[in-house]
Structure formats: C-alpha cells, structure tokens
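Each chain, letter by letter, is given below.
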Amino acid sequence: MPASLSLSDALGHALSDKRIDILRQIGQGGSISQAARAVGVSYKAAWQAVDTLTNLAGTPLVKRAVGGAGGGGAVLTEAGQQLLTAADAMAQARGAVLARWQADPHAGRAVARLAVRTSMRNQWPCLVQGLQVHGQIVLVHLGLALAAAGEGACEPPESDRSDGADFLAARITRESAELLGLQPGLAVQALCKATAVRVERAAPGAPVPQAPASTYRLPAKAVRVVRGALGDEVAAELMLGTRATGVQMVGFAAPGSGLRVGSRVVLVVEDTAVVLALSGL
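Every value quoted in this text rests on a predicted model; they were computed, and no experiment measured them.

### Things to note about helix H2 (residues 18–29)
The terminal C-alpha atoms of H2, which comprises twelve residues, lie 16 Å apart, in line with the 16 Å expected from a rise of 1.5 Å per residue. The set of residues buried in H2 consists of Arg19, Ile20, Ile22, Leu23 and Ile26. Buried residues of H2, viewed axially, fall in a sector of 160°; they line one side. Backbone geometry just downstream of H2 places glycine 30 in the positive-phi region, at approximately 70°.

### A word on empty space enclosed by the protein
Considering all chains together, one arrives at two cavities of 30 Å³ or more under this definition. For the largest cavity, the calculated volume is near 60 Å³. Mapped by element, the contributors of at least two residues to the lining of the largest cavity are helix H4 (43–57), strand S9 (215–226) and strand S10 (232–240). A breakdown of the residues in the lining of the largest cavity according to their chemical character gives four nonpolar, one polar and four charged.

### Let's talk about the pattern of salt bridges
Applying the stated rule across the entire model yields ten salt bridges. Among the salt bridges present, the one from aspartate 271 reaches arginine 171, with a minimum N-O distance of 3.2 Å. One end of the pair, aspartate 271, is in the loop between strand S12 (264–270) and strand S13 (275–277); the other, arginine 171, is in strand S6 (residues 168–173), and 100 residues separate them in sequence. Classification of aspartate 271 by relative accessible area gives buried; the value is 1%. Residue arginine 171 is classed as partly exposed on the basis of its relative accessible area, which comes to 36%. We note a salt bridge from arginine 174 to glutamate 178, for which the minimum N-O separation is 3.9 Å. Of the two residues, arginine 174 and glutamate 178 both sit in helix H7 (residues 174–180), four residues apart, roughly one turn of that helix. Salt bridges sharing common partners tie together Asp21, Arg24 and Asp88.

### Thoughts on the packing of aromatic side chains
Here the structure, examined in full by the defined rule, presents one aromatic pair. Taking the centre distance of 6.0 Å and the plane angle of 85° together, the rings of tryptophan 124 and phenylalanine 167 count as edge-to-face. Here tryptophan 124 is found in strand S3 (residues 122–134), whereas its partner phenylalanine 167 is found in the loop between strand S5 (161–162) and S6, with 43 residues between them in sequence. Taking the relative accessible area as the measure of exposure, tryptophan 124 reaches 0% and is therefore buried. On the basis of relative accessibility, which here comes to 10%, the residue phenylalanine 167 falls in the buried class.

### A closer look at the confidence of the model for the protein
Predicted confidence across the protein gives a mean pLDDT of 80, with 74% of residues reaching 70 or more. Across the protein, strand S8 (residues 198–201) holds the top mean pLDDT of 96, while S5 sits lowest at 38. Scored below 50 in pLDDT, residues 11–16 shows 21 contacts in the model against residues more than four places distant or in partner chains. Across residues 148–163, confidence stays below pLDDT 50; counting only partners more than four residues off in sequence or on other chains, it has 41 contacts.

The rules behind these values
Residues numbered from 1 in each chain as written. Predicted model: local features only at pLDDT ≥ 70, side-chain atom pairs only at ≥ 80, totals over all residues. Heavy atoms only, no water. Helix = DSSP H or I, 4+ residues; strand = E, 2+ residues; numbered from the N terminus. Expected span 1.5 Å × (residues − 1). Buried < 20%, exposed > 50% of the residue type's maximum accessible area, 1.4 Å probe, protein only. Arc of directions from axis to C-beta. 1 Å grid on protein atoms, 1.4 Å probe; cavity = no way out; pocket = protein on both sides within 12 Å on 5 of 7 lines; lining within 4 Å. Points joined across faces, edges and corners; volume = space filled by probe spheres on them. Nonpolar A, V, L, I, M, F, W, Y, C, P; charged D, E, K, R; others polar. Salt bridge = Lys/Arg side-chain N within 4 Å of Asp/Glu carboxyl O. Phe/Tyr/Trp six-rings, centres within 6.5 Å; stacked < 30°, edge-to-face > 60°. pLDDT = per-residue confidence, 0-100. Contact = heavy atoms within 4.5 Å.

Written out as structure tokens, the structure reads:
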C-alpha cells in the first residue's frame, strides 16, 4: 500500500456515499463522464467527488489516460484501486454490524445515524497546530497535512507533516474542543461550505495582503471555473509559496469575474465557517 494513502480519512463517511460509487465506475469504464451518468450526477459533481476523495486520501486516485479510440479517459491509480478494495471490505463489515443490531429499535437507529454524510464540499486533512482559549471560545489553529511524496503528489519537507503552521483556523466552543479531545498533533478533517469561500483575483506579483485575525486569505490557482448568474464557481488548487499542494478548494467569485483556468486567485475563509471532524475509524 502506498505510504501516502490515508484509508481512514477517505473512508470515514458512510460507504453509501456516491463518491466511492463514482470511483468504482471510473475503474470499470475508464471515463469520468460515463461514471457520472452511471451514478446519476453531473460531470462537474463527479470531478468534485474525485477531488474530495483525493484530498482526504492524500494521494492521487485517478489519472488521465491519453489517446485511445475516445481521445483519452481516466484510470485509477494503484492507490485508487486499493481504496476501492478497502471500501468493499468495510461495506461488508458495516453490513454485518447493522444486521446484528437492526433487531434492537433503539440501537439500530443510533448506529444508522452515526453514518452521517455532509453537503460540505470542502474537506481537507489537517493537523491541530495549537489551541487558544478565550473564555468559552477556542481557536483551533490548523496545518494542512500533506501526504508523503508519491505518485503525482507534491513533496513536503517531512512525511505526513503539516507544511504550513497556520493554514487555517476553526472557531469552536470550549465544550466542542473538549468532546473532540483536540490537542496539538491530532489529525482532524476540516470542512467548509463552498458558498462560505469567497474567491478573489490575486494581484499580479503582489503578496497576499494581511487579513483580520478571523479571516484567512489562501493563495491558489484556478483549475475549473463555471459561470453563474449568482456567482462564478471556482475550484482552485492551494499553493504554498510557488509550489502546488494537490489540495483543492471550491468557492464562489462575483458574477462575471473573468477568472479562467490558470488564474491566480485568493480564497477568503472566515474561521467561523470551518467545521472540524474526527475520523470514525
């Protein structure tokens, strides 16, 4: 198994999640558009599913295939194939557990509710860097956990370590921090709604301006742009200096932003919009 593949992060959600189904269809058909049709989602949603799983797994799961009768397609990497194998094993185990407890009306409902899916499209593996307690509020400082260098992955200084001491922060209650058992070095998942991320064009050659303490301005490069009457949806790859991280974030720019693939952008996130989760494994 590739050292950079994080099964617990990538499979921490309900296994009925369509993201795993999309990955399976890509493996079977070699096409993202075909996978989207088979699962019943849009082509854009299928790509977003691949992006999210890749973020959580910490290594590329799908790579483009060049050439062929159809002009190219997509194939699973070794890590993608191993993730599917693990997902199948977990589905069997989960089914056995649910079958065992289904007869108990109280326990059955409780177990089923533990497998929660979320509408939050932005999900990133992070490490807790530190906690600042201000009365009943705790600021949890997060570092982006980049996987060890592997197939197509960027190469951080150390394996499975945060490569940015204060990538982001989450503002949560003291009780939530205690219940999650948060402490420096703990691996968590950070989640944020796409609609809570504001995308701005980066000024050419200018450093990212300093933001208020509760606001984070993250440099990135647009990889997909979808125009919309209420705002342009932008998927962007986070940058650490001049180096791409392989981690993507989705947000919205003003309508008619003029952004296109390759545009340098800044992603603006408030610490109150960031939610923390721990893997269920």
